[in-house]
Amino acid sequence: MPIATVNPANGETLKRYEAMGEQEVERRLQLAEATFRTYRLTTFDERARLLRRAADLLDEDQRDIARLMTTEMGKPVKQARAEAAKCAKAMRWYADHAPGLLADEEPSADDVKDSGASRALVRYRPLGPVLAVMPWNFPLWQVVRFAAPALMAGNVGLLKHASNVPQTALYLEDLFHRAGFGEGTFQTLLIGSGAVDDILRDDRVKAATLTGSEPAGRAVASTASQMIKKTVLELGGSDPYVVMPSADIDRAAEIAVTARVQNNGQSCIAAKRFIVHTDVYDAFAERFVRGMQTLKVGDPLEEDTEIGPLASEQGLADLEELVDDATRSGARVLCGGERPDRDGWYYRPTVLAGITREMRIHHEEAFGPVATLYRAADLDEAVLIANDSPFGLSSNVWTRDEAEIDRFVRDLEAGGVYVNGMTASHPAFPFGGVKRSGYGRELSGHGIREFCNITTVWHGA
């Protein structure tokens, strides 16, 4: 795949980049290793000062970087500005909280004595250069939610971003440099996916994090396991959105639309499978379909656009294949199901009903504004349908019944359960999944400790 900015609203190639050669990659690896030797010795106060400065610069750049993201991958520009604001918030959160999250931990006095020590503690130390392989769908947020905790922990970052967002990738490197971080503290590698394996095998790279496809995750995990290196993987999801009879149906349907089409439906944590109790199925379906039909599809740079184009022509083709496979097997199209008559890689907001296990869309992630509706006879069947997926990233449950809430929290196979609301990431809460959605956690204290050497320090009596 070429490294280029291609506007998905019209298919126009705006800028191309040559991949970095071996000599430039080697220079950057040397720089990362050398920078880590000194950066790891900086104080939390110094790292926090730099990260807060990066947040301030990002706030100043918000409108420009939002337009750049929209031009590169098609998200509505209002959502792009919100993404930039969220990144600045996360930077400040880690600047404020990292010292506490990584503070030395002292075992109980009894355990210290029992171990034969006069004193003992657990200390979190940085690992070194960490390779981040990141996707295009949230081109700022996906990177910052790795970079902010990694830099605050004393690591240095190497970013291999998606090839269709090169300008956003270069902006991130420039942002951290302008904030005062040393040149080797955060570097963008303009390389193709084929170059990742060699970099991950390099002894100077100590760990890796990847958000992306299952094949990419398997490749990184395989190489990292051979090299015995730590990885964190977030590989997508097909999140259930369960609606029970006690729910506020109007509110559940309203939020369902946003939960499905955020970022033009190209979000790992977007709700994708809508599982509705039979007693309220018709009422929910009518409201949900109407909400999807009224969304404005248009130029993502216009302020009132709610659905922009998909990020790539291949992504559009993949989505069409899933819908076509479902309809050939008997799924009913309640709305959408086709491209609009306009330039660019657009797809109408779509709702499919009558989904069966034989359809690909039941098992595969639909990365675009396509929702699937399921009817559940009771809570047991709702849980069964929700868990009948290879993914387990997050989940959404709408009910006012505390016993039902307890049951869903206990039984849903997911990294998150959001009750009477839609899934959304926040710096304070761990983010990640189970099953084929990956392993490890980003954000919160769990995320910042993923790339730390958890060190036992023991003093003899």
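A short note on the overall build of the protein
Then, in step 1: Secondary structure summary: the protein contains 15 helices and 19 strands in total.
Then, in step 2: Radius of gyration (C-alpha) of the protein: 23 Å, near the 23 Å computed for a compact globule of 461 residues.
Then, in step 3: Considered along the principal axes of its C-alpha atoms, the protein spans approximately 70 × 60 × 40 Å.
Then, in step 4: Relative to its full complement of 461 residues, the protein shows a buried share of 56%.
Then, in step 5: In the protein, the proportion of contacts linking residues at least 24 apart, taken out of those at least 6 apart, comes to 72%.

Quick word on the pattern of salt bridges
Then, in step 1: Summed over all chains, the structure comprises 39 salt bridges.
Then, in step 2: Put simply, Arg178 and Asp174 hold a salt bridge, and the shortest N to O gap is 2.9 Å. Residue Arg178 and its partner Asp174 are located together in helix 6 (residues 166-179), separated by 4 residues, close to a single helical turn.
Then, in step 3: Here Arg178 falls in the partly exposed class, since its relative accessible area comes to 36%.
Then, in step 4: Residue classification places Asp174 among the partly exposed positions, given a relative accessible area of 38%.
Then, in step 5: Connected through salt bridges with shared partners, the residues Glu24, Arg27, Arg28, Glu173 and Glu183 form a single ionic network.

A short note on the packing of aromatic side chains
Then, in step 1: For the structure shown, the criterion picks out 9 aromatic pairs.
Then, in step 2: Among the aromatic residues, those joined into a ring-pair cluster are Tyr241, Phe274, Phe284, Phe288 and Trp398.
Then, in step 3: Positioned above the aromatic ring of Tyr346, the side-chain terminus of Arg342 is 4.4 Å from the ring centre.

Here's the deal with the environment of Leu295
Then, in step 1: Inspection of the secondary structure assignment puts Leu295 in the loop between helix 10 (281-293) and helix 11 (313-328).
Then, in step 2: Residue Leu295 is classed as buried on the basis of its relative accessible area, which comes to 14%.
Then, in step 3: A sequence separation of 37 residues divides Leu295 from Thr258, and the C-alpha atoms of the two residues are 9.9 Å apart.

Describing the environment of Phe288
Then, in step 1: Assignment of secondary structure puts Phe288 in helix 10.
Then, in step 2: On the basis of relative accessibility, which here comes to 0%, the residue Phe288 falls in the buried class.
Then, in step 3: Between the alpha carbons of Phe288 and Glu306 there is a distance of 16 Å; along the sequence they are 18 residues apart.
Then, in step 4: Not counting chain neighbours up to four residues away, the residues in contact with Phe288 comprise Ala253, Ala256, Val257, Phe274, Val351 and Ala371.

Here we look at the sheet that holds strand 13 (residues 370-376)
Two strands in a sheet stick together by hydrogen bonds in their backbones, pointing the same way (parallel) or opposite ways (antiparallel).
Then, in step 1: Spatial ordering of the open sheet is given by 11-12-13-10-9-15-16, a layout of 7 strands whose pairing is mixed. Because the sheet does not close on itself, it has two edges, and the strands there are strand 11 (332-335) and strand 16 (418-419).
Then, in step 2: Bridge analysis of strand 12 (residues 350-353) against strand 13 gives 3 bridges, and the strand direction is parallel. Looking at strand 13, one finds that Val351 is bridged to Ala371.
Then, in step 3: Packing of helix 9 (residues 249-261) onto the sheet brings it into contact with strand 9 (239-243), strand 10 (271-277), strand 13 and strand 15 (396-398), and relative to strand 9 it is tilted by some 170°.

Some remarks on helix 1 (residues 22-39)
Then, in step 1: For helix 1, which comprises 18 residues, the first-to-last C-alpha distance of 25 Å matches the rise-based estimate of 26 Å (1.5 Å per residue) to within 8%.
Then, in step 2: Those residues of helix 1 that sit buried are Val25, Arg28, Leu29, Ala32, Thr35, Phe36 and Tyr39. Taken down its axis, helix 1 places every buried residue within 135° of arc, on the same side. Turned more than 90 degrees from where helix 1 packs its buried face, Glu22, Gln23 and Thr38 sit exposed.

A few points about the packing of helix 9 against helix 10
Describing two packed helices takes the angle between their axes plus the distance from one axis to the other.
Then, in step 1: Running from amino to carboxyl end, helix 9 crosses helix 10 at an angle of 45°, the nearest separation of the two axes being 9 Å. By the angle between their directions, the pair helix 9 and helix 10 is classed as oblique. When you trace helix 9 past helix 10, the crossing you get is right-handed. Contacts between helix 9 and helix 10 pair Ile249, Asp250, Ala252, Ala253, Ala256, Val257, Arg260 and Val261 from the former with Ala283, Phe284, Arg287, Phe288, Gly291 and Met292 from the latter.
Then, in step 2: Residue composition of the contact of helix 9 with helix 10, by class: 10 nonpolar, 1 polar and 3 charged.

Looking at the nonpolar core
Then, in step 1: Counting residues in hydrophobic clusters, the biggest one holds 84 residues, and the most contacted among them are Leu51, Leu58, Met91, Tyr94, Leu131, Leu140 and Phe176.
Then, in step 2: Residue contributions to this core peak at 12 residues, all from helix 3 (residues 77-101).
Then, in step 3: Counting 29 residues, the second largest nonpolar core, distinct from the first, contains Ala259, Val276, Tyr281 and Trp398.

Calculation notes
- Residues numbered from 1 in each chain as written.
- Predicted model: local features only at pLDDT ≥ 70, side-chain atom pairs only at ≥ 80, totals over all residues.
- Heavy atoms only, no water.
- Helix = DSSP H or I, 4+ residues; strand = E, 2+ residues; numbered from the N terminus.
- Rg over C-alpha atoms; globule rule 2.2 N^0.38 Å.
- Buried < 20%, exposed > 50% of the residue type's maximum accessible area, 1.4 Å probe, protein only.
- Contact = heavy atoms within 4.5 Å.
- Salt bridge = Lys/Arg side-chain N within 4 Å of Asp/Glu carboxyl O.
- Phe/Tyr/Trp six-rings, centres within 6.5 Å; stacked < 30°, edge-to-face > 60°.
- Lys NZ or Arg CZ within 6 Å of the ring centre and 35° of its normal.
- Pairing = 2+ DSSP bridges.
- Axes fitted to C-alpha atoms, helices over the stretch in contact; angles between N-to-C directions.
- Expected span 1.5 Å × (residues − 1).
- Arc of directions from axis to C-beta.
- Parallel < 35°, antiparallel > 145°, perpendicular 65-115°, else oblique.
- Left-handed = near helix turned anticlockwise from the far one by under 90°.
- Nonpolar A, V, L, I, M, F, W, Y, C, P; charged D, E, K, R; others polar.
- Core = buried A, V, L, I, M, F, W, Y, C linked by side-chain atoms within 4.5 Å.

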